[in-house]
Amino acid sequence: MKISELDVSLYCSRCHDETLHRVQYLNDKIHSTECTNCHRKIEMNLNPTRELYKEVYKRITSKPTRLTKEYKADLSKFIEQLPKRVLSKPYRLMRNVDETRKAFKKLKNHE
Ligand SMILES: [Zn+2]
């Protein structure tokens, strides 16, 4: 899960003008927009926990198919690569957890 910010010019209904807005993305979805002039903030109805679950679910469910395909393609090669795969998987998962923790922290600070 990643948070990214983008500054865009949008119409603010409080300033009644086009102002610079800070748009915050959670993964690829808009999480909130904030007018940098009057600080009017609009939060989207995004549930960070739900987004995370969806991401993890997608990751888990997409894996077995890939493994099965490789298993059928070349059994010996698959076994040869297995220890490396087992080792690299927790690392990738850890990095994701770290990113997610940062994202959550950032979201909390903005509230
Ligand atoms: Zn404004």
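That block above? That's the structure.
Residues numbered from 1 in each chain as written. Predicted model: local features only at pLDDT ≥ 70, side-chain atom pairs only at ≥ 80, totals over all residues. Heavy atoms only, no water.

Describing the coordination of the zinc ion
Reasoning step 1: Around the zinc ion, the protein contributes the donor atoms Cys 12 (SG), Cys 15 (SG), Cys 35 (SG) and Cys 38 (SG), at 2.2 to 2.3 Å from the metal centre.
Reasoning step 2: Taken together, the four donor atoms surrounding the zinc ion define angles of 105 to 113 degrees at the centre, an arrangement classified as tetrahedral. (Donors = N, O, S within 2.8 Å, 3.2 Å for Na, K, Ca; no water. Tetrahedral: all angles 85-135°; square planar, octahedral: opposite > 155°, others 65-115°.)

Regarding a nonpolar patch on the surface
Reasoning step 1: Nonpolar side chains collect at one region of the surface, where Ile 30, Ile 42 and Met 44 lie side by side and expose about 210 Å² of accessible area between them.
Reasoning step 2: Residue placement: Ile 42 occurs in strand E4 (residues 41-43). (Patch = residues over 30% accessible without salt bridge, like charges linked within 9 Å, V, L, I, M, F, W, Y side chains within 5 Å. Areas by Shrake-Rupley, 256 points an atom, 1.4 Å probe, with all protein chains shown as cover. Salt bridge = Lys/Arg side-chain N within 4 Å of Asp/Glu carboxyl O. Helix = DSSP H or I, 4+ residues; strand = E, 2+ residues; numbered from the N terminus.)

Notes on the pairing of strand E2 (residues 17-26)
Successive residues of a regular strand alternate their side chains across the two faces of the sheet.
Reasoning step 1: As paired elements, strand E1 (residues 3-12) and E2 share ten bridges and run antiparallel to each other. Each residue of the ladder has a partner; that of Asp 7, found in E2, is Arg 22.
Reasoning step 2: Two successive antiparallel strands, E1 and E2, enclose a turn made up of four residues, where His 16 displays a positive phi of approximately 55 degrees.
Reasoning step 3: Taken together, E2 and the strand that follows it, strand E3 (residues 29-35), pair antiparallel across an intervening segment of two residues, in which Asn 27 is found at a positive phi of about 55 degrees. (Pairing = 2+ DSSP bridges.)

What about the side chain of Ser 32?
Reasoning step 1: You can see Ser 32 is positioned in strand E3.
Reasoning step 2: Once you skip the residues sitting within four places of it in the chain, Ser 32 turns out to touch Arg 22, Val 23, Gln 24, Lys 41, Ile 42, Glu 43 and Met 44. (Contact = heavy atoms within 4.5 Å.)

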